[in-house]
Structure formats: C-alpha cells, structure tokens
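Take a look at the letters that make up each chain.
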Amino acid sequence: MTSSNTDCHYCLQSLRGRKYALREENAYCVSCYDSLFANPCEECKQPIECDSKDLAYKGRHWHERCFKCAKCSRSLVEKPFAAKDELLLCTECYSDEYSSKCFHCQRTIMPGSRKMEFKGSSWHESCFVCQYCRQPLGTKPLITKDNENYCVPCFEKQFAHHCYSCKKVITSGGVTYHDQPWHKECFVCAGCKTQLSGQRFISKDEYPHCVDCFSKLYAKKCAACKKPITALGGPKFISFEERQWHGECFNCVKCSVSLVGQGFLTRQDDVLCHECGSA
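Rules behind the numbers
Residues numbered from 1 in each chain as written. Predicted model: local features only at pLDDT ≥ 70, side-chain atom pairs only at ≥ 80, totals over all residues. Heavy atoms only, no water. Helix = DSSP H or I, 4+ residues; strand = E, 2+ residues; numbered from the N terminus. Rg over C-alpha atoms; globule rule 2.2 N^0.38 Å. Buried < 20%, exposed > 50% of the residue type's maximum accessible area, 1.4 Å probe, protein only. Contact = heavy atoms within 4.5 Å. Areas by Shrake-Rupley, 256 points an atom, 1.4 Å probe, with all protein chains shown as cover. Lys, Arg positive; Asp, Glu negative; His and termini not counted. Charge placed at Lys NZ, Arg CZ, Asp CG, Glu CD. Phe/Tyr/Trp six-rings, centres within 6.5 Å; stacked < 30°, edge-to-face > 60°. Lys NZ or Arg CZ within 6 Å of the ring centre and 35° of its normal. Disulfide = S-S within 2.5 Å. Core = buried A, V, L, I, M, F, W, Y, C linked by side-chain atoms within 4.5 Å.

It is worth spelling out the overall build of the protein at this point. Across its full length, the protein carries five helices and 22 strands. For a compact globule of 279 residues, the expected C-alpha radius of gyration is about 19 Å, and the protein comes in at 46 Å, more than 25% above that figure. For the protein, buried positions account for 33% of its 279 residues. Counted over contacts in the protein with a minimum sequence separation of 6, partners at least 24 positions apart contribute 11%. If you sum the accessible surface of the protein, you get close to 18600 Å²; carbon and sulfur atoms cover 47% of it. Measuring between centres, the 38 positive side-chain charges of the protein sit 6 Å from its 32 negative side-chain charges.

What follows is the structure, encoded as structure tokens:
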C-alpha cells in the first residue's frame, strides 16, 4: 500500500509516497514491519518480507520458493505432502522412504489409501482378495495356504478334507486312520466313545477301540489267569485245543515251570511238564 498522509507507527518517519503495511490498524514502513513482525523461514532462516508470500504449516513458516520436498527439492506449493521427523516430503518420496509395500503386488501403498493388515503384512485393499474367487476378503474369515488367502467356502471347496465320522469339513489338525481323515474329537473308541487321539488303541472291523473296550468285547481270555490276551501285552501267546495262554502263564500247574517251547502233557483242563505228568 502507498500512503500520502501518515507516519510509520514505529520509526515515525513519513510514509508519504512510500509502501507500508498495516498491523492492528497501525501503519509501518516496510523496513520496520519486516524487522518487527516478519516470520523467519524454516529453510533459509531469512525473514519472510511483507511483500513475499508466507506459507505456514503447524506453526512454522516458509518462503514460497523454500517450501519444497526435503529429499527431491520439488516445490510443494499447492501439492499434497507429508511430514516425517519435521521434514516435509512429497508423496512420492514419503512413499519410497516410509510407506508399506503390498505383500501381494510388492508396490507401495500410497499415503491416504486404504490398506489391509494381516499376520504382520500389508495389502492394498484391491489385492487382499480370495485367491480362488477373487472377491475382496475385507474382514471376512479366511484361511491361508501356501502364502495365499482364501475365503472359507473356497478353501473348503478346494482343499478341505471331510471327517470320515461326521462328514463335516476339517479346517485344522485332524487324525488319519486307515487312510481316512477324522476330527480329533470324532476319533473315539467305538465302544465307550473316549477320544483316542494320542492314546493306544486296537482296530476291529475298521473301527478303533480303546484297549479296555477291545479286551472286554473281543480279546480271548487266558486259560490260566483269565485276563484278556492282547497284542499290547506282548507278542507271545500259546494256543492249544481252542484254549489260549499268555506266554508267561503257560506253566505246569504242579511245579510252575514254563512250558513255552517244551513238550507237555494234559490232564483234563490242566497242562503239566513231562516229569509231573509221569509221576
């Protein structure tokens, strides 16, 4: 502005025919105004004179020519930018330095765009889709296989096994028995229904049985001790005339000597060694 009838509020020199600036209705010559009120530029540290454009961001000020990206030096005037550690960066430089890379396409996820986070990695929203049907996963339940994500229906259709017992999908874990998949909770004794995962069991007619149930239902009884004879009790047992003995129970009824691998005699339901049988 140019004055013809006033003096500078600070130095009191006439402003007639000179440029001046107003502040709180007071007029100042340009020199006084700049020395009293001009903001220092963050970049060059020089005052931003009253005839220069003052660009401000979060309480800091720049000349128009100094308002530029701290990395590539391109002007940020009327352009989008980001701040990091008090430095101003254009969106391209900020993305190169600090933005996440999409796990799927490995391209930068630009500031301001929506990204999805899953298992410590980031995706573009458009890349976070079911590998099979290509529909967005968003916050839907999903299953990961070989670093690819699938919606639950597609995963079940493509990969999931069905439990031999209940016929429902096995989504994790499971037990294989006779080349058939089972849920752990479905793999139970055919007799008492006790879960058998991690336990000893015996197969009968393609169904598993716990040792107790198998012994009660199917195992032959030892003619001597009357207890069941099972493979879990040891591999050796003796069979004679539709009777069976544990190996350790096949002894002479009189002198208790073992008859395993020895000749023996029978007397009614008893077995005897040759010495006792001949006495």
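There is more to say, and it comes next.
The subject of this paragraph is the packing of aromatic side chains. As enumerated under the stated definition, the model contains 20 aromatic pairs in all. When the centroid spacing of 5.1 Å and the interplanar angle of 80 degrees are considered together, the rings of tyrosine 28 and phenylalanine 37 count as edge-to-face. For the pair tyrosine 164 and tryptophan 182, a centre-to-centre distance of 5.3 Å together with 45 degrees between the ring planes defines the contact as tilted. Of the two residues, tyrosine 164 is situated in the loop between strand E11 (161–162) and strand E12 (169–170) and tryptophan 182 in strand E14 (residues 180–182); the sequence distance between them amounts to 18 residues. Relative accessible area serves as the criterion here: at 29%, tyrosine 164 is assigned to the partly exposed category. An aromatic cluster of three or more residues is present, and its members are Tyr164, Tyr177, Trp182, Phe187 and Phe201. Directly above the aromatic system of phenylalanine 37 lies the positively charged group of arginine 23, at a separation of 4.2 Å from the ring centroid. In this structure, lysine 167 is placed above the aromatic ring of tyrosine 164, and the distance from its NZ or CZ to the ring centre is 4.9 Å.

The full count for this structure, using the stated rule, is zero disulfides. Not engaged in a disulfide, the cysteine cysteine 163 finds its nearest cysteine sulfur in cysteine 166; these two sulfurs lie 3.8 Å apart.

Among all positions of helix H2 (residues 91–98), only Thr91, Cys93, Tyr94 and Ser95 are buried. In the core, the buried residues of H2 are packed alongside strand E5 (81–84) and strand E6 (87–90).

Turning our attention to the nonpolar core. Cys102, Trp123, Phe128, Cys130, Leu137, Cys151 and Phe155 are the most contacted members of the largest nonpolar core, which totals 16 residues. If you list the elements that add at least two residues to this core, you get strand E9 (142–145), strand E10 (148–151) and helix H3 (152–158). Counting 15 residues, the second largest nonpolar core, distinct from the first, contains Cys41, Cys66, Leu76 and Cys90.

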